[in-house]
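Understanding the architecture of this molecule
This is what each chain is made of:
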Amino acid sequence: MTPSTPPNSADTTVTADQLATTLEALRGATPLVQCITNTVVQNWTANVLLAAGAAPAMVDNPHEAGGFARVASGLLVNLGTPQDDTVAAMRAAVAAAGAAGTPWVLDPVAAGGLAWRTDLAHELVALGPTVVRGNPSEVLALAGGTGGRGVDSTDAPEAAVDAARGLTDRVRVVAVSGEVDHVLNATRLVRLSNGHPWLTKVTGVGCALGALMAAYAACTDDPLLAASAATAHLTVAADEAAAQAQGPGSFAVHLLDALELLTPDQLASRVRVS
Amino acid sequence: MTPSTPPNSADTTVTADQLATTLEALRGATPLVQCITNTVVQNWTANVLLAAGAAPAMVDNPHEAGGFARVASGLLVNLGTPQDDTVAAMRAAVAAAGAAGTPWVLDPVAAGGLAWRTDLAHELVALGPTVVRGNPSEVLALAGGTGGRGVDSTDAPEAAVDAARGLTDRVRVVAVSGEVDHVLNATRLVRLSNGHPWLTKVTGVGCALGALMAAYAACTDDPLLAASAATAHLTVAADEAAAQAQGPGSFAVHLLDALELLTPDQLASRVRVS
Amino acid sequence: MTPSTPPNSADTTVTADQLATTLEALRGATPLVQCITNTVVQNWTANVLLAAGAAPAMVDNPHEAGGFARVASGLLVNLGTPQDDTVAAMRAAVAAAGAAGTPWVLDPVAAGGLAWRTDLAHELVALGPTVVRGNPSEVLALAGGTGGRGVDSTDAPEAAVDAARGLTDRVRVVAVSGEVDHVLNATRLVRLSNGHPWLTKVTGVGCALGALMAAYAACTDDPLLAASAATAHLTVAADEAAAQAQGPGSFAVHLLDALELLTPDQLASRVRVS
């Protein structure tokens, strides 16, 4: 148990040691993550997965997405730049993942702010993703509130926690990003507070975090631990990167290095979890 | 007035102080820039906008592009990798931007060299973009000449200035990139001469500059000043980046850092404008 | 003849001096390479081509791809993220390249592991690419074996050499990547053994190598030499980058720098070819 975890939350959060063990499991498994994600962040997402210890495969056409979701270790569906063909691929992949038991993560980018994708996000949430990962505005929109102006969020994470609880009848885990990241299911809540403001100055960090959650979800039966471990891996690496960087450009480069170099012991000693 | 601005051009160019004030306005406004741009440079463009002080949103599907253009601060339409679905999105977004008064920038990548997109570029120019940004070959092609072999230009900027003037009956501002950047409208001409040859060794610098012009156009009523401030911000940052870089890879990284770190005072003292 | 080339292989491999001369030819020609490639690696591929000394043009829509393939110096067709519209572009471009004599490279990403693209890869191989570049699993799949689980390979390069020979009735040159890269045609075999494990931790290095082979194929009449020179340029640059990098993020940045800075003399002295 870490000093930041009070005794009476032992059953409702995760420990630093559990996070470190899950990182080791990821490195041992090299899970294959199918990413149907937006074209802005495909390259960055693939490099984040590779540096972290997973293998990316961006199979996002409707001819192959379903078949691949049956054999992939995990699946990410990200609504950043949907087009008709990639939406068809999402539907095929989600159906196949559900049938095959492949864990899958939904990142409802800009849900609430744009009507077409908001409808799509609601449709996909009803199909029972393993994890929904979003910013507070997106989570509020999915839970019935109104969304922000686009990909950034104008709401605080704490405001979205109650709304996120309302999604847990369909979604096993909801992860709400922010200065403090909140990962929760119907009964448990994990707060993680590493990271740096430059994370918001590099496009696609949140999107890549969704992919990393899909990778981790293939390495443990506990999706709350998976989403928490992905968050911890990324944000503790960000602390290290920020210490070496001059600005957002060099921060992104050092972040990839740090994702690769971070050891389980370093993760356990540096993560701030409660 | 800067030493490089002769007294008799005071009414026809912009001053270093105006450029610095416009950078401050950008940082204060964090304009939301809708980018319908080519898939090669989406990631880089988003990171340039974030580092500079704007917020990117790559809403490029035909279902949402029009609606989003009504609420975005600015719009970029870039013809680098057009497909049928993104072209439909461009048409919807441009119509909505025109109706809503959203400033929009057209980057006619490879116009002249490829017939289908050249027709599209002419169609879009007729709809009255706030700014057209291109290399000399592209601007010459739009004004009725013949284009180059692709995305690079085989013509000198000076040769395109007269042609660019011919576009100002439909376009408020034309920006012609080159060793010296020329930004002009029907009566005024701004020459900016910062930058480094490595700018041509990183893909999408010109494309990102178009996006930055859309961001700046949301922060001032004078689109000539907007296009000039975007050019100054990028090229003065490039000077700083080149001083720290070993080659084009590290130059791109330092350029993002420099876009973030550049202060209005530094911009005013380093920009070469006439 | 280099020390690493035994006398009796002088007619069946290439020499370090030939590789260096071909690098000089590339820098002198700045070949224009049309890339119809996956959306994950477009940006990286363009930056690799620019740093190496070529010019990229990602013309990948069905309206323009054929026309452009007639005037491009070389063509890359990469099956990483095929969609219906880009597949139509591939077919148009390959037909035009064949008619015009434009050298073209096929990269059959994940062939064998995914049925739809495997059929497409077989269709394209039958049209006679100048070079097929893939990992061992992909080459084995094209030659009639079974493929791996996705974009990475589970087979050793040596195992694919015999299979690759079977393709040389339709393909002029086959390049099989691995710890040792094998480049071969019906009668010759070149082994290149520079490089670093971090090459597998940056997405799209193999994809970019295919583009670089298309660039080099425009600069010599010997496609075996072209594919070998591209491999040597990339992997010798990787040696230099690895010496300066901390992890895969900084490695990718230094790789671009090294591609630009590598001189023909350095290439000749550092390449390990047999």
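Rules used in this analysis
- Residues numbered from 1 in each chain as written.
- Chains lettered and ligands numbered in written order.
- Predicted model: local features only at pLDDT ≥ 70, side-chain atom pairs only at ≥ 80, totals over all residues.
- Heavy atoms only, no water.
- Core = buried A, V, L, I, M, F, W, Y, C linked by side-chain atoms within 4.5 Å.
- Buried < 20%, exposed > 50% of the residue type's maximum accessible area, 1.4 Å probe, protein only.
- Helix = DSSP H or I, 4+ residues; strand = E, 2+ residues; numbered from the N terminus.
- Contact = heavy atoms within 4.5 Å.
- Pairing = 2+ DSSP bridges.
- Axes fitted to C-alpha atoms, helices over the stretch in contact; angles between N-to-C directions.
- Buried area = accessible area lost by both parts, 1.4 Å probe.
- Salt bridge = Lys/Arg side-chain N within 4 Å of Asp/Glu carboxyl O.
- UniProt positions renumbered as here; feature names shortened; annotations may be inferred.
- Least-squares fit on C-alpha atoms with pLDDT ≥ 70 in both.
- Expected span 1.5 Å × (residues − 1).
- Polar contact = N/O pair within 3.5 Å; in protein donor to acceptor, adjacent residues only side chain to side chain.
- Nonpolar A, V, L, I, M, F, W, Y, C, P; charged D, E, K, R; others polar.
- Phe/Tyr/Trp six-rings, centres within 6.5 Å; stacked < 30°, edge-to-face > 60°.

Glancing now at the nonpolar core. Core analysis: the biggest nonpolar cluster contains 75 residues, and Leu-19, Trp-44, Phe-251 and Leu-255 of chain A have the highest contact counts within it. The element that contributes the greatest number of residues to this core is helix α9 (residues 223–244) of chain A, accounting for 13 residues.

All right, on to the environment of Leu-79 of chain B then. Residues and elements named next belong to chain B. For Leu-79, the position within the fold is in the loop between β3 (74–78) and α4 (84–100). When its relative accessible area of 0% is taken as the criterion, Leu-79 is described as buried. Separated by 39 residues in sequence, Leu-79 and Thr-118 have C-alpha atoms that sit 9.3 Å apart. Not counting residues up to four positions away in its chain, the partners in contact with Leu-79 are Met-90, Leu-106, Asp-107, Pro-108, Val-109, Arg-117, Leu-120, Ala-121 and Leu-124.

A word on the sheet that holds strand β1 (residues 32–36) of chain A. Residue and element names in this part refer to chain A. In space, the eight strands of this open sheet follow the order β2-β1-β3-β4-β5-β6-β7-β8, with mixed pairing throughout. Each end of this open sheet is capped by a strand with a single partner; those strands are β2 (55–57) and β8 (189–192). Strand-to-strand, the axes of this sheet are offset by a mean angle of 20°, without reference to chain direction. Where strand β6 (residues 173–176) and strand β7 (residues 181–184) come together, three bridges link them in antiparallel fashion. The residue of β7 that forms the bridge with Val-176 is His-182. Contacts from helix α4 (residues 84–100) reach β1, β3 (74–78) and β4 (104–107) within the one sheet, and its direction differs from that of β3 by about 145°. The strands touched by helix α8 (residues 205–217) within the sheet are β1, β3, β4, β5 (131–134) and β6, with β3 carrying the most contacts at an inclination of about 155°.

At the interface, 26 residues of chain B touch 29 residues of chain C. Across the chain B to chain C interface the summed buried area is about 2200 Å²; carbon plus sulfur atoms make up 52%. Summed over the shared surface of chain B and chain C, the result is two salt bridges. The salt bridge involving Arg-117 of chain B is made with Glu-64 of chain C; its shortest N-O contact spans 2.7 Å.

Residues and elements named next belong to chain A. When the UniProt feature table is mapped onto this chain, "binding site: ATP" (unreviewed entry) is found at Arg-133 and Ser-177. These annotated residues cover 45 residues of sequence, and their C-alpha atoms all fall within 7.6 Å of one another, placing them together at a single site. Examined against the element boundaries, Arg-133 turns out to sit in strand β5. Of note, Ser-177 is situated in the loop between β6 and β7. Apart from the residues lying within four places of it in its own chain, the contact partners of Ser-177 are Arg-133, Gly-134, Asn-135, Pro-136 and Pro-157.

A separate point is the relation of the copies chain B and chain C. Between chain B and chain C, the superposition needs a rotation of 120° and an axial shift of 0.0 Å, giving an RMSD of 0.0 Å. Here the symmetry operator amounts to a three-fold rotation axis. For chain B, the smallest separation between a C-alpha atom and the rotation axis is recorded for Thr-39 of chain B, amounting to 3.8 Å. A low fraction, 8%, of the interface residues of chain B reappear at the interface in chain C, so the copies pair through non-equivalent surfaces.

A word on helix α8 (residues 205–217) of chain B. Residues and elements named next belong to chain B. Taking 1.5 Å per residue as the helical rise, α8 with its 13 residues ought to reach 18 Å, and the 18 Å between its terminal C-alpha atoms agrees with that figure. Within α8, 12 of the 13 residues are buried, which leaves the element mostly enclosed by the surrounding structure. Taken as a whole, α8 has its buried residues at Val-205, Cys-207, Ala-208, Leu-209, Gly-210, Ala-211, Leu-212, Met-213, Ala-214, Ala-215, Tyr-216 and Ala-217.

For the rest of this paragraph, the subject is the sheet that holds strand β5 (residues 131–134) of chain C. All names here are of chain C. Pairing is mixed in the open sheet, where eight strands are placed in the order β2-β1-β3-β4-β5-β6-β7-β8. Two strands in the sheet have a free side with no partner beyond their single neighbour: β2 (55–57) and β8 (189–192). Going across the sheet, the axis of each strand differs from the next one's by a mean of 20°, ignoring polarity. Examined bridge by bridge, strand β7 (residues 181–184) and β8 share four bridges and lie antiparallel to one another. Counted as the bridge partner of Asp-181 is Leu-192 from β8.

Let's shift gears to the relation of the copies chain B and chain A. With an RMSD of 0.0 Å, the fit of chain B onto chain A corresponds to turning through 120° and sliding 0.0 Å along the axis. Interface overlap between copies: only 7% of the residues of chain B at the interface are likewise at the interface in chain A, consistent with a contact formed by different surfaces.

Across the contact, 29 residues belong to chain B and 25 residues belong to chain A. Across the interface of chain B and chain A, roughly 2200 Å² is buried in total on both sides, 52% from carbon and sulfur atoms. The interface formed by chain B and chain A includes two salt bridges. Linking chain B with chain A are 12 residue pairs in polar contact (both at pLDDT 80 or more). Contributing elements (two or more residues each) for the side of chain B that touches chain A: α2 (42–52), β2 (55–57), α4 and α10 (248–261) of chain B. Of the residues assigned to the side of chain B that touches chain A, the class counts are 13 nonpolar, 11 polar and five charged.

This part is about the pairing of strand β6 (residues 173–176) of chain C. Going residue by residue along β6 of chain C, you find Val-173 and Ala-175 of chain C tucked away on one face and Val-174 and Val-176 of chain C tucked away on the opposite face as well. Counted between consecutive antiparallel strands, the loop separating β6 of chain C from β7 of chain C contains four residues.

Residues and elements named next belong to chain A. Using the criterion set out here, one finds three aromatic pairs over all chains in the structure. With a centroid separation of 6.0 Å and an interplanar angle of 55°, the aromatic rings of Trp-198 and Phe-251 are classed as tilted. Of this pair, Trp-198 sits in the loop between β8 and α8 while Phe-251 sits in helix α10 (residues 248–261), and the two are 53 residues apart along the sequence. Assigned by exposure class, Trp-198 and Phe-251 land together as buried.

What follows concerns the UniProt feature "binding site: substrate" (unreviewed entry) in chain A. UniProt marks Met-58 and Gly-204 of chain A with the feature "binding site: substrate" (unreviewed entry), using the numbering shown here. Residue placement: Met-58 of chain A occurs in the loop between β2 and α3 (65–71). Beyond its immediate chain neighbours, meaning those up to four positions away, Met-58 of chain A contacts Cys-35, Gln-42, Thr-45 and Ala-46 of chain A together with Val-40, Gly-80 and Thr-81 of chain C. For Gly-204 of chain A, the position within the fold is in the loop between β8 and α8. Since its relative accessible area comes to 11%, Gly-204 of chain A is described here as buried. Dropping the residues within four chain positions of it, Gly-204 of chain A is found in contact with Val-41 and Trp-44 of chain A.

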